[in-house]
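# Structural overview
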Amino acid sequence: MDRTAFRKHFKTVGPVVLPVIHVLDTPRTLRNVAEVIAAGAAGCFLINHDFEPERFLPIISDVRAAYPSLWLGVNFLAVTGKHAFPVLGKLSQAGVLVDGYWADDACIDEHGQNTEAQEIARVYDESGWSGMYFGGTCFKKQREVAKEHYGNAAREACGFMDVVTTSGVATGQEADLSKIETFRSAIGETALALASGVTPDNASVYSDVDCFMVATGINEINNFYDIHPEKLARLMAVTRALGKGDWI
């Protein structure tokens with residue numbers, strides 16, 4: 001997806017902020033979604049970090065029912081699109097519309113042998129789901145890719161997803177700026193998302209990124225599950241400044 005079209009989709013000129021909510025139950029998730037909306041973020045991702053997808057599905061349905069017009073993405077932890085897209089298709093048929101899927105591993109081969117990625121693409125086409133695909137590439141806790149092959153992996157990824165999505169080496173760890181520069185150079189005008197280590201204090205250095213998928217950097221201290229409203233507000237202010245081109 002072209003990065004300009006991506007930002008226009010979310011009606012923002014700066015990087016899109018999509019907070020990631022680690023869900024435990026419906027009431028707590030809804031409280032966090034309310035903070036996302038109050039801050040003016042473009043939407044959010046939900047992730048089932050603590051239990052199986054089957055327990056996660058009713059929470060997704062509850063959030064969609066409470067906020068029918070919210071841009072809502074999900075991540076089924078450690079589940080590739082091959083298995084997630086049919087589930088999303090069934091949810092769509094049931095009237096539960098999910099706008100985006102983020103897979104930690106898009107199964108991209110930096111050497112061009114993308115058999116698994118091609119199978120995921122086939123499943124997507126047949127699933128009945130047509131949402132936005134954020135595909136993890138050179139992503140934390142997945143198969144390690146040598147740094148000298150980051151550019152190749154990023155280029156290969158462009159043909160298999162809407163938003164090329166990468167990270168630092170671990171949850172909450174900043175991505176090396178040189179990695180982001182390599183990705184941007186390799187993918188040209190394709191949309192790029194960063195899914196770890198972004199905070200209100202460092203976001204300004206990632207001006208080449210089109211989407212910040214952020215949890216630790218905006219959560220309460222030592223709290224994996226709840227958004228800190230002031231931190232999210234600060235991040236939103238930074239991204240607005242980046243969009244206006246007046247960040248100093």
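Residues numbered from 1 in each chain as written. Predicted model: local features only at pLDDT ≥ 70, side-chain atom pairs only at ≥ 80, totals over all residues. Heavy atoms only, no water.

### What to know about the sheet that holds strand β5 (residues 132-136)
The strand order around the closed barrel formed by 8 strands is β1-β2-β3-β4-β5-β6-β7-β8, and the pairing between neighbours is parallel. Going from strand to strand, the sheet's axes swing by 25 degrees on average, the running direction of each strand aside. In terms of strand pairing, strand β6 (residues 163-166) meets strand β7 (residues 192-194) through 3 bridges, oriented parallel. Bridging from a neighbouring strand, T166 pairs with L194 of β7. (Pairing = 2+ DSSP bridges. Helix = DSSP H or I, 4+ residues; strand = E, 2+ residues; numbered from the N terminus. Axes fitted to C-alpha atoms, helices over the stretch in contact; angles between N-to-C directions.)

### Digging into the packing of helix α6 (residues 150-157) against helix α7 (residues 177-187)
As a packed pair, α6 and α7 sit with axes 8 Å apart at the nearest point and diverge in direction by 45 degrees. By the criterion of interaxial angle, the relationship of α6 to α7 is oblique. α6 and α7 meet at a crossing whose hand is right-handed. The residues of α7 that touch α6, namely those facing Y150, G151, A154 and R155, are K179, T182, F183, A186 and I187. Tallied by class, the residues present in the contact of α6 with α7 amount to 5 nonpolar, 2 polar and 2 charged. (Parallel < 35°, antiparallel > 145°, perpendicular 65-115°, else oblique. Left-handed = near helix turned anticlockwise from the far one by under 90°. Contact = heavy atoms within 4.5 Å. Nonpolar A, V, L, I, M, F, W, Y, C, P; charged D, E, K, R; others polar.)

### Here's the deal with the state of the cysteines
Taken as a whole and judged by the stated rule, the model has 0 disulfides. There is no disulfide at C107, and the cysteine sulfur nearest it, in C138, is 13 Å away. Among the cysteines around C211, which has no disulfide bond, C44 carries the closest sulfur, lying 12 Å off. Taking relative accessible area as the criterion, C211 reaches 0% and is therefore assigned buried. (Disulfide = S-S within 2.5 Å. Buried < 20%, exposed > 50% of the residue type's maximum accessible area, 1.4 Å probe, protein only.)

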